[in-house]
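# Fold and geometry: a report
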Amino acid sequence: GAGKTTLLKAIAGWSPADLRYDDGPAPDALRRASTHLALHDSGPIAADWRRNLFAPDAADDALWAALDAVDLADRAKDAGGRDAWIDPQAGLSLGERQRLNLARAWLRPCAIILLDEPGEHLDKTQGPALLARLLDRLDDRVVVFATHDAACAALAAETIRL
């Protein structure tokens, strides 16, 4: 209700905003090309695990590494592997959907990664642990996240690198 998601969408170029670089406006298309926005309420699409990771050119080992990093590799293997179909209505729990969102961010090569409530639907230890793995993986990028979760916020304070 404070506008966190709205701000992340504006940064990502999903909604109009008067954001500027030092030398002028930051066009929506440029912001969309340089960012990945992982919304906390994004779910799977009616497709297989590979397509749901939004990384069609990624090598199999990269896909499995991302799924393993967010504790979804066993779930995907049990479902039939990376080519198994995900039913968007009944295929994944809320926590699994959130972990899928984090795996998508893991695989994105964008310079700026935006995470909306990255610990949402995860238990008090799993959320910060997965976020720590993701922040370590993305240590060469700008990562912005909005959260109400005290443990995730504390983790951010511990890992800020300028």
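Presented here is a report on the structure given in the accompanying data block. Nothing here was measured: the structure is a model prediction, and the numbers come from that model.

### Things to note about the pairing of strand β7 (residues 142-146)
Where strand β6 (residues 112-116) and β7 come together, five bridges link them in parallel fashion. Directly across from Asp116, in β7, lies its bridge partner Ala146. In terms of handedness, the path from β6 via helix α7 (residues 126-137) over to β7 forms a crossover that is right-handed.

### A look at the pattern of salt bridges
This model, assessed by the stated rule, comprises eight salt bridges. Residue Asp71 is joined to Arg133 by a salt bridge in which the shortest nitrogen-to-oxygen separation is 3.2 Å. Of this pair, Asp71 sits in the loop between α4 (60-69) and α5 (73-79) while Arg133 sits in helix α7, and the two are 62 residues apart along the sequence. You can call Arg133 partly exposed: its relative accessible area is 35%.

### Section: the side chain of Asp149
Locating Asp149 in the fold gives a position in the loop between β7 and α8 (150-159). Within the buried set, Asp149 has no salt-bridge partner at all; the shortest N-O distance to an opposite charge, 4.2 Å, is to Lys124. Here the side chain of Asp149 touches Ala151 through a polar contact of 2.9 Å, landing on its backbone nitrogen. Among all residues touching Asp149, those that are not within four sequence positions of it are Glu117 and Lys124.

### Some thoughts on the packing of α4 against helix α6 (residues 94-107)
Contact geometry of α4 with α6 gives a least axis separation of 9 Å together with a crossing angle of 135°. On the basis of their axis angle, the class for α4 and α6 is oblique. Relative to α6, α4 is oriented so that their crossing is right-handed. Each of Ala62, Leu63, Ala65, Ala66 and Ala69 in α4 lies in contact with α6, whose residues at this interface are Ala103, Trp106 and Leu107. Counted by class, the contact of α4 with α6 contains eight nonpolar, no polar and no charged residues.

### Examining the environment of Gly95
Within the secondary structure layout, Gly95 lies in helix α6. On the basis of relative accessibility, which here comes to 11%, the residue Gly95 falls in the buried class. C-alpha separation for the pair Gly95 and Leu7, spaced 88 residues apart in sequence, amounts to 24 Å.

### Concerning the nonpolar core
The biggest cluster of nonpolar side chains holds 35 residues, and the ones touching the most others in it are Trp49 and Leu115. Top element by residues in this core is α6. It accounts for six residues. For Trp49, the residues in contact, after removing those within four places along its chain, are Leu67, Leu72, Arg75, Ala76, Ala79, Gly81, Arg82, Ala84, Ile86 and Leu92.

### A closer look at the sheet that holds strand β3 (residues 35-38)
In space, the three strands of this open sheet follow the order β3-β6-β7, with parallel pairing throughout. Looking along the sheet, the strands with just one partner apiece sit at the ends: β3 and β7. Direction aside, neighbouring strands of the sheet carry axes that sit 15° apart on average. Relative to β6, β3 runs parallel, the two sharing four bridges. If you follow Thr35 over to β6, its bridge partner there is Ile112. Strands in contact with α6 are β3 and β6; relative to β6, the strand with the most contacts, it is inclined by about 170°.

The rules behind these values
- Residues numbered from 1 in each chain as written.
- Predicted model: local features only at pLDDT ≥ 70, side-chain atom pairs only at ≥ 80, totals over all residues.
- Heavy atoms only, no water.
- Pairing = 2+ DSSP bridges.
- Helix = DSSP H or I, 4+ residues; strand = E, 2+ residues; numbered from the N terminus.
- Right-handed = clockwise from strand over helix to strand, strands pointing away.
- Salt bridge = Lys/Arg side-chain N within 4 Å of Asp/Glu carboxyl O.
- Buried < 20%, exposed > 50% of the residue type's maximum accessible area, 1.4 Å probe, protein only.
- Lys, Arg positive; Asp, Glu negative; His and termini not counted.
- Polar contact = N/O pair within 3.5 Å; in protein donor to acceptor, adjacent residues only side chain to side chain.
- Contact = heavy atoms within 4.5 Å.
- Axes fitted to C-alpha atoms, helices over the stretch in contact; angles between N-to-C directions.
- Parallel < 35°, antiparallel > 145°, perpendicular 65-115°, else oblique.
- Left-handed = near helix turned anticlockwise from the far one by under 90°.
- Nonpolar A, V, L, I, M, F, W, Y, C, P; charged D, E, K, R; others polar.
- Core = buried A, V, L, I, M, F, W, Y, C linked by side-chain atoms within 4.5 Å.

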